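The chain contents come next:
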Protein chains: 2
Amino acid sequence: MNPAETTVHTLCMNARRAARGPWQFHREIKDMALRSWARALRENAPSILEANAQDVAEARGRGQSEALVDRLALDAKRVEAMAGSIEQVAALDDPVGEIIETRTRPNGLKVSRMRVPIGVIAMIYESRPNVTAEASALAVKAGNAIVLRGGSEAMRSNRAIERAIREASGKFVPEDVVQLVPLTDRDAVRALVQETELVDLAIPRGGEALIRFVTENARVPVVQHYKGVCHLFVDRGADVEQATRIAVNAKLSRPGVCNALECLLVDAADDARLLPPIAKALLAGGCQLRCDERALSLVPSGTRAEESDWGKEFLDAILAVRVVDGLKGALDHVARYGSGHTEAICTPNEEHAATWRLGVDAACVVVNASTRFHDGGELGLGAEIGIATSRLHWRGPMGLEALTTHKWIVEGSGQIR
Amino acid sequence: MNPAETTVHTLCMNARRAARGPWQFHREIKDMALRSWARALRENAPSILEANAQDVAEARGRGQSEALVDRLALDAKRVEAMAGSIEQVAALDDPVGEIIETRTRPNGLKVSRMRVPIGVIAMIYESRPNVTAEASALAVKAGNAIVLRGGSEAMRSNRAIERAIREASGKFVPEDVVQLVPLTDRDAVRALVQETELVDLAIPRGGEALIRFVTENARVPVVQHYKGVCHLFVDRGADVEQATRIAVNAKLSRPGVCNALECLLVDAADDARLLPPIAKALLAGGCQLRCDERALSLVPSGTRAEESDWGKEFLDAILAVRVVDGLKGALDHVARYGSGHTEAICTPNEEHAATWRLGVDAACVVVNASTRFHDGGELGLGAEIGIATSRLHWRGPMGLEALTTHKWIVEGSGQIR
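The rules behind each value
Residues numbered from 1 in each chain as written. Chains lettered and ligands numbered in written order. Predicted model: local features only at pLDDT ≥ 70, side-chain atom pairs only at ≥ 80, totals over all residues. Heavy atoms only, no water. Helix = DSSP H or I, 4+ residues; strand = E, 2+ residues; numbered from the N terminus. Rg over C-alpha atoms; globule rule 2.2 N^0.38 Å. Buried < 20%, exposed > 50% of the residue type's maximum accessible area, 1.4 Å probe, protein only. Contact = heavy atoms within 4.5 Å. Areas by Shrake-Rupley, 256 points an atom, 1.4 Å probe, with all protein chains shown as cover. Lys, Arg positive; Asp, Glu negative; His and termini not counted. Charge placed at Lys NZ, Arg CZ, Asp CG, Glu CD. Salt bridge = Lys/Arg side-chain N within 4 Å of Asp/Glu carboxyl O. Least-squares fit on C-alpha atoms with pLDDT ≥ 70 in both. Disulfide = S-S within 2.5 Å. Buried area = accessible area lost by both parts, 1.4 Å probe. Polar contact = N/O pair within 3.5 Å; in protein donor to acceptor, adjacent residues only side chain to side chain. Nonpolar A, V, L, I, M, F, W, Y, C, P; charged D, E, K, R; others polar. Pairing = 2+ DSSP bridges. 1 Å grid on protein atoms, 1.4 Å probe; cavity = no way out; pocket = protein on both sides within 12 Å on 5 of 7 lines; lining within 4 Å. Points joined across faces, edges and corners; volume = space filled by probe spheres on them. Right-handed = clockwise from strand over helix to strand, strands pointing away. Arc of directions from axis to C-beta. Phe/Tyr/Trp six-rings, centres within 6.5 Å; stacked < 30°, edge-to-face > 60°. Lys NZ or Arg CZ within 6 Å of the ring centre and 35° of its normal. Axes fitted to C-alpha atoms, helices over the stretch in contact; angles between N-to-C directions. Parallel < 35°, antiparallel > 145°, perpendicular 65-115°, else oblique. Left-handed = near helix turned anticlockwise from the far one by under 90°.

Next up on the list: the overall build of chain A. Counting its regular elements, chain A contains 14 helices and 16 strands. For 417 residues, the compact-globule estimate of 2.2 N^0.38 gives 22 Å, and the C-alpha radius of gyration of chain A, at 24 Å, lies within 12% of that figure. Seen along its three principal axes, the alpha-carbon backbone of chain A occupies a region of about 70 × 65 × 40 Å. Every one of the 417 residues in chain A was classed for burial, and the buried ones make up 60%. Considering only contacts within chain A whose residues lie at least 6 apart along the sequence, 72% involve residues at least 24 apart. For chain A, the accessible area works out to roughly 15400 Å², and carbon and sulfur atoms hold 49% of it. Counting 51 positive and 55 negative side-chain charges, chain A places the centres of these two groups 3 Å from one another.

Here it is, written out as structure tokens:
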């Protein structure tokens, strides 16, 4: 074992031990632990902010972008928000121990499936120190231990948060339910995702390079959070006011996030009525439109799209626009260029809506609403650890249920086979 | 790309294309396809048996064990059994398109989760040619395409079965929903489990070496089917007749399978009453008992267990026997030596049963019944593709539901965020 492997192995052994015990099935104990974390973050705000100030100064000194510094920086309000989200997780229903299904067999055996913790979760992430607290809260509420490997730029902040949480855990749950890997090299990530006996799930969250590194090196299950190349198809006969409102909200309310719109598709049978007013509103909102030939003829102030604009995640006030041959043309475009994240249709036609719901293969399929709703909070999960673009073990927003697995329970009165 | 990669890549591209289409959501079409396969297997029985005879002759010529030859060999009855299991799968309820949960948000959005096919499944297996037909039936009933990579010893049999199935598919579903990799080297397996864009799940079934190879090389999700080191704990006060019946059934009804008993634990507080009669029945059934010191004093005809006998999968009429310090001692032993497959308790005490249900971390926890019930058919799933010892994406018997994932569906009337 190299030194990174040795360190990581020890943490994972601790995590495995911590992830076994009656606390996993006792909601009150877990909630008391979480509320105690929230108090500890508030009490330790000064030392957390001091550690964070050092991280921020170092990042600035290294000439990091202001966008990165903004994701990294904490202030009193952000620490309070962290404490608040932990309390929100404490208030959520506990999925652990829930009986998912139950049946009685002809021989009298009672067969059921019970929701249980996954075990040890490895979270690999970048920049935002609030993930340290929020991912830990979700993992532990679902009865798991978590091993965190944050980015080097946030190491001091993450350690200060980890310390506060661990000190506040002891009276309720084992301290080692939350552990931060004190190493920032890639060796540590590799070691972590190759601990097949000790790590049950790896969740990488961050840039595409990080996610690819984890996927290529992992021997444990991975749930990826890849990019969102989200489409909106505006169907013939659509309410132009509704379509406009949805397109503007989906593209411009927060262009830098994964559920933002990246490509608008308009039905050729109705494009002269639909596209000009939608384009006008988007342009008025400061959006650049990259149009195919036919769209360009209806949107003179657009620019010509290149082939590489289809399927691109702009994460900016830029939108690809294409006129397609009806529902079939839209489905083909989405199948070819979509990233399986969020795909929306705006249509008055229930049959077309039904075809869209079945025919589009994505984590979230939306009818007559903004793509921005693809989010754990908006869909009613209370909180999320991210939005999975993987198909397995979970797809879409990962709330508490996504952090559990099941076991089968067979109860008899002496039956043999 | 090496030649194996090129071949595998082409098959996977075909599979991806086949795994997109309305057939996935139409139960009648899928069931007609499956019934047509069953007819085709019956009609083509002569050519399947001829191909199989060649495989068997070659295996014998190479001096393979009779156990392997028996797993490999087909006869008219086994072909009929294959056809019959496909018809049974056709008769099962279709999980695809089922709405798992649904809720309405305060803003009027209707949020639901729909069960959908996983996509492309890679099945890597050895010996038994019936897996070719039965795994294909389950995969396709759940709306998936399957790429099969069987063992070299069964290549001719598998090809004959694949040919019959594919020819019978065409009128109903794309032929490429079932494809056999025509290569038997490890390169082909590696290529298959590294097709991250085209393969959604790999299921290795076979010896531990094969499973480890897949796990270490895979970049796609894997559900493992590892060994079963199953325990039975006989608690104080247990009904000795019931405990005996369960122990004998669990150990001796079929010692070579993964849900067979491998270790008997007896409560020290009641061992003098419980162990002798249970041991007597096992010995009478031809079972060898490998006992710890204290068990040996109660079972003079046992042999002394070695440390390596704890946690061993004997797959034979051999049983490890240990006296433990009550429920706590049993839980500790199982946590240390169990393989997370099937763990049973025999107890009259409902409180102890409850502690066992919660406290044992295994795919299947059994109370007062034989470990042999941990099986898809016995638990009411109708059929299974194997018993997963993985925690994710599935745990325990993999029926149709385990071959699906979900998508989120959001339906609105113009909502924006």
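In this section: unusual backbone geometry. Most peptide bonds are trans, and most residues other than glycine sit at a negative phi. Across the junction of Leu392(A) and His393(A), the peptide omega takes the value -5 degrees, indicating a cis bond. Structurally, His393(A) can be placed in the loop between strand E14 (387-388) and strand E15 (396-397). Notably, Leu315(B) is not glycine yet its phi reads approximately 55 degrees, a positive angle. For Leu315(B), the position within the fold is in the loop between strand E10 (303-304) and strand E11 (318-324).

Our focus in this paragraph is the pattern of salt bridges. Under the counting rule described, the total for this entry stands at 74 salt bridges over all chains. Measuring nitrogen to oxygen at the nearest pair gives 3.2 Å for the salt bridge that ties Glu241(A) to Arg245(A). Of the two residues, Glu241(A) and Arg245(A) both sit in helix H10 (residues 240-252), four residues apart, roughly one turn of that helix. A salt bridge links Glu350(B) to Arg357(B); the nearest nitrogen and oxygen atoms lie 2.9 Å apart. For Arg357(B), a relative accessible area of 14% gives the class buried. Residues participating in the shared-partner salt-bridge network are Glu98(A), Arg115(A), Glu401(A), Glu101(B), Arg103(B) and Arg113(B).

Another aspect to go through is the relation of the copies chain A and chain B. Rotating chain A by 180 degrees and moving it 0.0 Å along the rotation axis overlays it on chain B with an RMSD of 0.0 Å. In the structure described here, the two chain copies are related by an operation that fits a two-fold rotation axis. In terms of proximity to the rotation axis, the leading residue of chain A is His393(A), whose C-alpha is 2.2 Å off the axis.

On to the state of the cysteines. Such a bond, covalent and formed between the sulfur atoms of two cysteines, is termed a disulfide. Residues and elements named next belong to chain A. By the definition in use, this model includes zero disulfides over all chains. Free of any disulfide, cysteine 263 has its nearest cysteine sulfur in cysteine 291, 10 Å distant. Left without a disulfide partner, cysteine 287 is nearest to the cysteine sulfur of cysteine 291, which lies 9.7 Å away.

Listed by partner, the interface residues are 70 residues for chain A and 70 residues for chain B. Of the roughly 6100 Å² buried between chain A and chain B, counting both surfaces, carbon and sulfur atoms make up 54%. Among the residues chain A hides against chain B, the three largest losses belong to Leu392(A), Trp408(A) and Arg417(A). Together they make up 15% of the total. Taken together, the links from chain A to chain B amount to 54 residue pairs in polar contact (both at pLDDT 80 or more). Every element with two or more residues in the side of chain A that touches chain B is listed here: strand E2 (110-117), helix H9 (208-217), H10, helix H14 (350-359), strand E13 (364-369), E15 and strand E16 (404-415) of chain A. Its residues assigned to classes, the side of chain A that touches chain B comprises 31 nonpolar, 19 polar and 20 charged. Relative to strand E13 (residues 364-369) of chain B, E16(A) runs parallel, the two sharing five bridges.

Right, let's talk about the sheet that holds strand E2 (residues 110-117) of chain B for a bit. If you walk across this open sheet you meet the ten strands as E10(A)-E9(A)-E11(A)-E8(A)-E7(A)-E12(A)-E13(A)-E16(B)-E2(B)-E1(B), and the pairing is mixed. Of all the strands in the sheet, the pair left with one neighbour each is strand E10 (303-304) of chain A together with strand E1 (99-104) of chain B. Where E1(B) meets E2(B), five bridges bridge the pair, whose relative direction is antiparallel. Each bridged residue has a counterpart across the sheet, and for Ile99(B) the counterpart in E2(B) is Met114(B).

Residues and elements named next belong to chain B. According to the stated counting rule, one finds one cavity of 30 Å³ or more in the structure shown. Its boundaries defined by the atoms lining it, the largest cavity holds a volume of some 30 Å³. Taken together, Glu101, Thr102, Arg103, Val111, Ser112, Arg113 and Trp408 form the lining of the largest cavity. Here the lining of the largest cavity is built from residues that sort into two nonpolar, two polar and three charged.

Listing the buried residues of helix H9 (residues 208-217) of chain B in full gives Leu210(B), Ile211(B), Phe213(B), Val214(B), Thr215(B) and Asn217(B). Each element contacted by the buried residues of H9(B) is listed here: strand E3 (120-125), helix H8 (186-193) and strand E6 (201-205) of chain B.

The next subject is the pairing of strand E3 (residues 120-125) of chain A. Residues and elements named next belong to chain A. The element E3 is largely enclosed, with a buried count of six among its six residues. For E3 and strand E4 (residues 145-149), the ladder comprises five bridges, and the chain directions are parallel. Paired with isoleucine 124 across the bridge in E4 is arginine 149. The handedness of the E3 to E4 crossover, carried by helix H6 (residues 130-141), is right-handed. Sheet topology note: the E3/strand E6 (residues 201-205) ladder contains five bridges and is parallel. Bridging across to E6, alanine 122 finds its partner in alanine 202.

Attention now goes to H14(A). Residue and element names in this part refer to chain A. For H14, the full list of buried residues reads His352, Ala353, Trp356 and Arg357. For H14, the angular spread of buried residues about the axis comes to 140 degrees, placing them on one side. Its side-chain oxygen at 2.9 Å from the backbone nitrogen of glutamate 351, asparagine 349 defines the N-terminal cap of H14.

Okay, the side chain of His393(A) next. The exposure class of His393(A) is buried, given its relative accessible area of 14%. Ignoring any residue separated from it by four or fewer positions in sequence, one finds His393(A) in contact with Ile118(A), Val223(A), Ala402(A), Thr404(A), Leu392(B) and His393(B).

Residue and element names in this part refer to chain A. Counting across every chain of the model gives two aromatic pairs over all chains. Geometrically, the ring pair formed by phenylalanine 233 and tryptophan 356 is stacked, given 6.0 Å between the ring centres and 25 degrees between the ring planes. A residue pair is termed long-range when its members are at least 10 positions apart, and phenylalanine 233 in strand E7 (residues 230-234) and tryptophan 356 in helix H14 qualify at 123 residues. Both residues of the pair, phenylalanine 233 and tryptophan 356, count as buried. Its guanidinium or amino end placed over the ring of phenylalanine 213, arginine 186 lies 4.7 Å from that ring's centre, counting from NZ or CZ.

Quick look at the sheet that holds E4(A) now. Residues and elements named next belong to chain A. Across the sheet, four strands lie side by side as E5-E4-E3-E6; this open sheet has parallel pairing. The open sheet terminates on both sides in strands that have one partner only, identified here as strand E5 (178-180) and E6. When the angles between neighbouring strand axes are averaged without regard to direction, this sheet yields 20 degrees. Sheet analysis places E4 next to E5, joined by three bridges and oriented parallel. Looking across to E5, one finds that valine 147 is bridged to glutamine 179.

All names here are of chain A. Burial analysis of E13 places six of its six residues in the buried class, which makes it a mostly covered element. Two strands pair when backbone bridges link them, and strand E12 (residues 342-346) and E13 are joined in this way by four bridges, in the parallel orientation. Along E13, the bridge assignment pairs isoleucine 345 with valine 367. Note that the unit made of E12, H14 and E13 has a crossover that is right-handed.

Let us look at the packing of helix H3 (residues 45-61) of chain A against helix H7 (residues 155-169) of chain A. Residues and elements named next belong to chain A. It is the contact of H3 with H7, at a shortest axis distance of 7 Å, that shows an interaxial angle of 165 degrees. Between H3 and H7, the crossing angle belongs to the class labelled roughly antiparallel. Between H3 and H7 the crossing geometry is left-handed. Across the interface between the two elements, Ser47, Ile48, Ala51, Asn52, Gln54, Asp55 and Glu58 of H3 pack against Met155, Arg156, Ser157, Ala160 and Ile161 of H7. Partitioning the contact of H3 with H7 into residue classes produces five nonpolar, four polar and three charged.

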